[in-house]
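The lines below spell out each chain.
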Amino acid sequence: MSWKVKLAILVSLLAAGLQLYQPERSNPPSNPGGSFEAVARPAPELANVLRRACYDCHSNETRWPWYSRVSPVSWLIARDVRRGRAHLNFSEWNRLSPQAAQHKLREACEEVRAGEMPLALYRWFHSEARLSAADADWICAASKAP
Amino acid sequence: MRHALIAIALGILAFGTGCQRKPSDVVDPAKLKVFEPLPEVVAASYGTPSEELIALGRMLYYDPRLSKSQQISCNTCHDLNKYGVDNEPTSEGHKGQKGDRNSPTVYNAAAQFAQFWDGRAPDVEEQAKGPVMNPVEMAMPSDKLVIAVLKSIPEYVDAFRRAFPKDKDPVNLDNMARAIGAFERRLLTPARWDKFLKGDAQALTSAEKAGLNVFLEAGCQTCHLGALLGGTMFQKLGLMKPYPDQSDPGRYRVTKNEADRMVFKVPMLRNVEKTAPYFHNGKVATLEQAVQEMADYQLGKTLSRKETEAIITFLKSLTGEIPFDYIKQPELPKSTARTPKPDLSD
């Protein structure tokens, strides 16, 4: 066996071994009455933008893609989802006072306008999450509502 | 597979950029937008409280006769000379019984969006009805007894009349709570931090500003924001990994909703230097431990000793001034022969 074949086998074994280690990939229980849509009653256009581009990381309704089952990518994705939910969770909007909700929407507006959100890597995989200026305007308008 | 490989490479890159830089003491003003200075008073839905109402509230706050044993007042557990706390993990109420939660401070509390660790009271007025009849706190068996005590003291009856001139029968539980609430609405402790937020960059030392940057970099303001650096939302304790002490389910007790298990009100950080011990169970003795557990359980980050110290240096700049004139204990009206006697039974 050439060293190349040996290396290939070794790498494959390592990669297979890695698959035994999988992160927690679950959608926690949530109360439908507590969601952004139930509490803030957003315009359908706004709800649609957020669902399309943000809900995978900022809600309890994550659609886990097939590659989220492949380590070590699974770890990176699970980590983004956990962190994303910790910063902003549209499924738990009833936990926020009106004032805190306003802060979160203002930040969302700023992040989107600055091109920081959704995360660049996510946009690369999800063409539907590449937001137009009009999409961003929906978020920014909501953040200015009284 | 190409996608996955690129994902790995980019992921590693992302990890790299997450690494530390030396904290600077230049604070980006855009990052301060999530905070606000303390208001001068916390507005009440019924209008501006009168001086008479506040004076009555102050007396009631200090009066142990609102308890069954006539030994425990609000001030026993929320000592206004000690930043509104008793510095005990959990407080001793009627006959030395202990509740299961730590006493939060009453300073600035009125400005929160909800009261209690689980938010079960919407405001300080509603809150003030709780402790008087809580069996392990002031343990009054009924509101009738509370009213009987107050009505037996002519000076109180007069004070209620002055505070509620339009009411025919002003001595009642709702008015008692409104008076205490009115007093609490001005228990505010402005700090150097407020001067800083209003534009005086020199109001914080360079070390405090560097600490603020570490606080912001870690992401603490995700939850600890607004005028109080807290008191604006509920959050799960143990967001990134389960919190070990699961004995108190938090807001679940109020809503019975599975999603609210281990969800607590995010507490204020003003005066946090002075309000040890910490967390709802009072089991966290030091600010070091509180900050490190926060980073660990809420943000999935491990802070170095240096970073922890820097954050604590910043947190200390939130310690405000106690309004000593405002909280001065008034002379309490004398009991009469008609006043019910203290009851030391369980």
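Given the structure is predicted, the values throughout are model-derived calculations rather than measurements.

## Here's the deal with the packing of helix 9 (residues 206–218) of chain B against helix 12 (residues 305–316) of chain B
All names here are of chain B.
Part 1 of the argument: Following both chains from N to C, one finds helix 9 and helix 12 inclined at 115°, their axes separated by 7 Å at the closest point. The angle between the axes of helix 9 and helix 12 places the two elements in the roughly perpendicular class. In this structure, the crossing between helix 9 and helix 12 has a hand that is left-handed. Contact residues: helix 9 offers Ala207, Glu208, Gly211, Leu212, Val214 and Phe215, while helix 12 offers Glu307, Ala310, Ile311, Thr313, Phe314 and Leu315.
Part 2 of the argument: Its residues assigned to classes, the contact of helix 9 with helix 12 shows 8 nonpolar, 2 polar and 2 charged.

## Some thoughts on the domain arrangement of chain B
Residues and elements named next belong to chain B.
Part 1 of the argument: Along its sequence, chain B is organised into domain 1 (29–39 + 190–318) and domain 2 (51–188).
Part 2 of the argument: Taken together, the 27 residues of domain 1 in the interface contact 24 residues of domain 2.
Part 3 of the argument: Both faces considered, domain 1 and domain 2 share a buried interface measuring about 2,200 Å² in area, 59% of it formed by carbon and sulfur atoms.
Part 4 of the argument: Taken together, domain 1 and domain 2 are joined by 2 salt bridges.
Part 5 of the argument: With a closest N to O distance of 2.9 Å, Asp100 and Arg253 form a salt bridge.
Part 6 of the argument: Linking domain 1 with domain 2 are 10 residue pairs in polar contact (both at pLDDT 80 or more), by the criterion used here.
Part 7 of the argument: For the side of domain 1 that touches domain 2, the secondary structure elements donating two or more residues are helix 10 (252–255) and strand 2 (263–265).

## Focus: the interface of chain B and chain A
Part 1 of the argument: Facing the 31 residues of chain B at the interface are 24 residues of chain A.
Part 2 of the argument: Taken over both partners, the interface formed by chain B and chain A buries close to 2,600 Å², and the fraction arising from carbon and sulfur atoms is 64%.
Part 3 of the argument: Among the residues of chain B in contact with chain A, B:Lys33, B:Thr222 and B:Met240 are the three that bury the most area, contributing 19% of the side total.
Part 4 of the argument: Here chain B is connected to chain A by 8 residue pairs in polar contact (both at pLDDT 80 or more).
Part 5 of the argument: For the side of chain B that touches chain A, the elements supplying multiple residues, two or more each, are helix 1 (2–17), strand 1 (234–236) and helix 11 (287–299) of chain B.
Part 6 of the argument: A total of 9 residues in the side of chain B that touches chain A trace back to one element, the largest contributor, which is helix 1 of chain B.
Part 7 of the argument: For the side of chain B that touches chain A, the residue count by class is 17 nonpolar, 8 polar and 6 charged.

## Section: unusual backbone geometry
Part 1 of the argument: Cis geometry is found at the peptide bond from A:Met117 to A:Pro118, where omega equals -10°.
Part 2 of the argument: Tracing the backbone through its elements, the reader meets A:Pro118 in the loop between helix 6 (98–113) and helix 7 (120–125).
Part 3 of the argument: Going from B:Ala276 to B:Pro277, the amide bond is cis rather than trans, its omega being -10°.
Part 4 of the argument: Examined against the element boundaries, B:Pro277 turns out to sit in the loop between strand 2 and helix 11.

Criteria and cut-off values
- Throughout this document, residue positions are counted from 1 along each chain, in the order its sequence is written.
- Chains carry letters from A onward and ligands carry numbers from 1 onward, assigned in written order.
- Owing to the predicted nature of the model, reporting of local features is limited to residues with pLDDT of at least 70; listing and counting of side-chain atom pairs is limited to 80 or more, with chain, interface and lining totals taken over all residues.
- Computation of side-chain values: all heavy atoms of the structure, hydrogens and water removed.
- Helix axes are fitted only over the stretch in contact, all axes being lines through C-alpha atoms; the angle between N-to-C directions runs from 0 to 180 degrees.
- Only DSSP runs of H or I covering at least 4 residues are called helices, and only runs of E covering at least 2 are called strands; the numbering of each starts at the N terminus.
- Roughly parallel refers to an angle under 35 degrees, roughly antiparallel to one over 145, roughly perpendicular to one between 65 and 115, and oblique to any angle outside these ranges.
- What makes a crossing left-handed is the near helix being turned counterclockwise from the far one by less than a right angle; a clockwise turn instead makes it right-handed.
- In this description, contact between two residues means that some pair of their heavy atoms is separated by no more than 4.5 Å.
- Three classes are used: nonpolar for Ala, Val, Leu, Ile, Met, Phe, Trp, Tyr, Cys and Pro, charged for Asp, Glu, Lys and Arg, and polar for all others, with Gly counted as polar.
- Each domain's extent is set by a domain assignment, obtained either automatically or from a database.
- By buried area we mean the combined loss of accessible area, with a 1.4 Å probe, across both parts when two parts are placed together.
- Salt bridge, as applied in this entry: a Lys or Arg side-chain nitrogen positioned within 4 Å of an Asp or Glu carboxyl oxygen.
- Identification of polar contacts relies on pairs of N or O atoms within 3.5 Å, with a donor-acceptor requirement for protein atoms, meaning one able to donate a hydrogen and the other able to accept it, and with residues adjacent in sequence counted only if both atoms are side-chain atoms.

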